[in-house]
Amino acid sequence: MTLYPVSDDVLFAPGGRVVIRTYGVASPAAEDGTPAPVTYRTWVTGVRDRPRYWRWRHFEEARRGHHGVIEWLTGRGPQPGPAVPGEPAPAAPGVPGGPVR
């Protein structure tokens, strides 16, 4: 597995530190040398002590998504929705449900 960093940010809040990390993930290349597709994820840790993540299909989507997550966490924008079809949006802080893993 190969990781491709896109963006890292840290926010300091009264409850502690919140880390927002966006990166691409690729499996090893196939036996025939075909490169594996890259999927992008944004992980948020430090919000209610439970990590949350979003999945993105493309680099530009991940870059915009990372910015959208920061806007949401700082109260300047809505919670980002799912970028991958069929994937539910992460739960808002304090609200059960969503792909909190």
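As shown above, the structure is provided for reference.
Heads up: these notes are all about the structure in this document. Since we're looking at a predicted model, the values are computed, not measured.

Brief notes about helix H1 (residues 59-73)
- With 15 residues, H1 should cover 21 Å at 1.5 Å per step; its first-to-last C-alpha distance of 21 Å lies within 8% of that length.
- Among the residues making up H1, those that are buried are Glu 61, Ala 62, Gly 65, His 66, Gly 68, Val 69, Ile 70, Glu 71 and Trp 72.
- Lining the buried residues of H1 we find strand S1 (2-13), strand S2 (16-26), strand S3 (38-45) and strand S4 (52-56).
- Positive backbone phi, at 80 degrees, marks Gly 75, one or two positions downstream of H1.

A look at the sheet that holds S2
- Spatially, S1-S2-S3-S4 is the arrangement adopted by the four strands of the open sheet, whose pairing is antiparallel. Both outer strands of the open sheet, S1 and S4, are each paired with one neighbouring strand and no more. The average undirected angle you get between the axes of adjacent strands in this sheet is 15 degrees.
- Running at roughly 170 degrees to S2, H1 makes contact with S1, S2, S3 and S4 of the sheet.

What about the pairing of S1?
- Bridge count for S1 against S2 is eleven bridges, and the pairing is antiparallel. Each bridged residue has a counterpart across the sheet, and for Ser 7 the counterpart in S2 is Thr 22.
- A loop of two residues connects S1 with S2, the two strands running antiparallel in sequence.

Topic: the nonpolar core
- Counting residues in each nonpolar core, the largest one holds eleven residues, listed as Val 18, Ile 20, Tyr 40, Val 44, Val 47, Trp 54, Trp 56, Ala 62, Val 69, Ile 70 and Trp 72.
- Going through the elements one at a time, S2, S3, S4 and H1 are the ones with two or more residues in this core.
- Looking at which element gives the most residues to this core, the answer is H1, with four residues.
- If near-sequence neighbours (up to four positions away) are discounted, Ala 62 is found in contact with Thr 22, Tyr 40 and Trp 56.

Quick word on the pattern of salt bridges
- Counted according to the given criterion, the structure contains four salt bridges.
- Glu 61 is paired through a salt bridge with Arg 57; the nearest N and O atoms lie 3.1 Å apart.
- The partner of Arg 76 in a salt bridge is Glu 71, with the nearest N and O atoms 4.0 Å apart.

Cut-offs used in this document
Residues numbered from 1 in each chain as written. Predicted model: local features only at pLDDT ≥ 70, side-chain atom pairs only at ≥ 80, totals over all residues. Heavy atoms only, no water. Helix = DSSP H or I, 4+ residues; strand = E, 2+ residues; numbered from the N terminus. Expected span 1.5 Å × (residues − 1). Buried < 20%, exposed > 50% of the residue type's maximum accessible area, 1.4 Å probe, protein only. Contact = heavy atoms within 4.5 Å. Pairing = 2+ DSSP bridges. Axes fitted to C-alpha atoms, helices over the stretch in contact; angles between N-to-C directions. Core = buried A, V, L, I, M, F, W, Y, C linked by side-chain atoms within 4.5 Å. Salt bridge = Lys/Arg side-chain N within 4 Å of Asp/Glu carboxyl O.

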